[in-house]
Amino acid sequence: MENRDSEGRLSQAFTYKSEWLVKDAALLLKKPNYLSELELERPVIMTGSRGSGKTTAFLFLWHGNKAINIENLGSQRYFGLYHRIDTSVCYSFSGGNLPIEAWEKIFSHYINLIICDLIVEFVQSHEGVAVSEDHLSRASRILFGEDKIFDISSRIQEELTHLSDNVANISRSDFSGHLSALKTPIDIILDGISIKGSKNSIPFYFMFDEFENLLDYQQAILNTLLKHFTRSAYVKIGVRPLGRSAFNTINKNELLRSPDDFHSINVDDSVRKGYREFARSICNARLKYLGESYINSSIESLLEELSDEEEAKLLNVGKYNNPFFTHLELDDLSKIKGVPSLKIAFLRYWADGHNIKYDAIFDQYQRNKKMWDSRYANYKYAVLFAIGRGNRIRKYYCGWETIVILSHYNIRYLLEMIETMILFSASKEGRIEKIHPDIQTRAAMAIGEKNLHQIEGLSVYGRKIIKLMFGLGRIFEHLAAYPERRSPETNQFRVNDLQANSEAQKIIELAVQHSGIVRVNASKLTSIADTREYEYMLHPIFLPILYSLIEKREKSLLRQTISQKL
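Keep in mind that what you see is a predicted model, and the values were worked out from it rather than measured. (Residues numbered from 1 in each chain as written. Predicted model: local features only at pLDDT ≥ 70, side-chain atom pairs only at ≥ 80, totals over all residues. Heavy atoms only, no water.)

Caption draft 1: Main features of the sheet that holds strand 8 (residues 493-494). The strand order across the open sheet formed by three strands is 8-10-9, and the pairing between neighbours is antiparallel. The sheet is open, and its two borders are formed by strand 8 and strand 9 (517-520), each paired with just one other strand. As paired elements, strand 9 and strand 10 (residues 535-538) share four bridges and run antiparallel to each other. When the bridges of strand 10 are listed, I517 appears paired with L538. (Pairing = 2+ DSSP bridges. Helix = DSSP H or I, 4+ residues; strand = E, 2+ residues; numbered from the N terminus.)

Caption draft 2: Structural detail: the packing of aromatic side chains. On inspection of all chains with the given rule, the structure shows 24 aromatic pairs. Their ring planes at 75 degrees and their centres at 6.0 Å tell us that F107 and Y217 sit as a pair that is edge-to-face. In this pair, F107 is assigned in helix 6 (residues 100-124) and Y217 in helix 10 (residues 216-228), connecting sequence segments 110 residues apart. According to the relative accessible area criterion, F107 is buried, its value standing at 2%. Classification of Y217 as buried rests on a relative accessible area of 8%. Ring centres of Y275 and Y409 lie 5.3 Å apart, and the angle between their planes is 65 degrees; this geometry places the pair in the edge-to-face category. Residue Y275 is found in helix 12 (residues 275-290), and its partner Y409 is found in the loop between helix 20 (400-407) and helix 21 (411-425); the two are separated by 134 residues along the sequence. Take Y409: its relative accessible area is 26%, and that puts it in the partly exposed class. Following the ring pairs from residue to residue traces out a cluster consisting of F79, F122, F204, F206 and F229. (Phe/Tyr/Trp six-rings, centres within 6.5 Å; stacked < 30°, edge-to-face > 60°. Buried < 20%, exposed > 50% of the residue type's maximum accessible area, 1.4 Å probe, protein only.)

Caption draft 3: Fine view of the pattern of salt bridges. Applying the stated rule across the entire model yields 24 salt bridges. With its nearest N and O atoms 3.9 Å apart, the salt bridge here joins E104 to K252. In this pair, E104 is assigned in helix 6 and K252 in the loop between strand 6 (233-239) and strand 7 (263-266), connecting sequence segments 148 residues apart. Under the relative-accessibility criterion, E104 is labelled buried at 18%. For K395, the salt bridge identified is with E311, shortest N-O distance 2.9 Å. Here K395 is found in the loop between helix 19 (369-387) and helix 20, whereas its partner E311 is found in helix 14 (residues 308-314), with 84 residues between them in sequence. The residues K395 and E311 share a single accessibility class, namely buried. Each of E146, R155 and E159 takes part in a single network of salt bridges with overlapping partners. (Salt bridge = Lys/Arg side-chain N within 4 Å of Asp/Glu carboxyl O.)

As structure tokens, then:
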């Protein structure tokens, strides 16, 4: 990339948050395979991990509004209105001198204002959509205690500002201000809407993203809307796994049940179906957007791959094998010439792990090559970790298939890695033909470290989650490097009696919510409603950086210990 315009186009092309796409969204977004379920005329709860594409799905419904004009207005299937839930706003509606019952009424009024604002903004920006003066007057009376409003949109903004100020100062005085009953003004405005060219009412979809940011009582308020909207309006919720903490409405005895009250979409399960092809199409579309003067190849061709043998050479397998050669007889040295260097490394690795002399293990290999070749096929991946011990790069992560595995069905992580790889490869020479394995690995490590720091910043639990991840990383790094006498490539763990330890359960749940670890079972990734015991694994995006940081930490501790002894 030669200039800031190039880097700006790259940033736009590989923007990993859909809401940051300020232009050309239609070119860069791809329809998820579950979009038709989200478009159903009924309430929906869409559950998916961070970066799985929930916001993208919502934006497809919302961006449809931009194509609406006076000619096609009456033929629309629905109108999508989007709102992202802000953590800081949610927490401002708590504490002070007020009991939870008072906060429920205040937050209900806030939600009324938010939804009415979305509706009024939509009406004012679309010719052919109108609300009768009588209905606006009645809604205003309920929202503000006054019925003669010149500009209801401005009045809503004023009320939101006034409410925010009142809430911010709640600790110094009891709340004073007009409040409205949940849902009542929304129903009135919806009843008063007329749409040119439509014989039947067209439903409004109110989309609430990042539902997990709500406090328990606030989730119950939105649950109430989800269950009880009846006037051509449906609530659609986007939430992370384990992000729903309230399953009732404001009536604590009234529970939400699927499919009776809402349609449930498990985004993670849906994304896994054809993820590679979906990811490939997104990346290739964005490479095309960059232009041929920068990159003129597919994503698979762009990311240079390494065979196991090639990777072993980059990791300096020759140095690792030297002690093995020094212990062989001249006759054995002549026989070993045709054996691949990685297989020789495996023989040394196995001998070290089982206290077998090097000449003895080579003799065993000579006498039963078929058995040793089978064992080599199972363990050669682990041998790469042993070869790379002490290197600047412990293990290479490169090639399209490997990068897809690191992203683990998380399109955000994938786009972050690809963008960073291209930035690291950018040069004044112009077009990028191939991205070297070293650059791909460093980019993967950079994105893992970046997201590790983001998790660390999560309130009081962030550091605890990081400690958990480092501990797991150390265990699985050791298992990868020393898998003898156990199954190779062990990468999952189970926590017995997790519910008996509330603190541990909280840490695990937050780690899952923020994609630090992935929740699985013995056969496949599970749905949120599944009651079976779960197994867990570190999210693969963190493996390159965790293995590197663990080795650096161990070297630092070793130097510190030696210094203290001296």
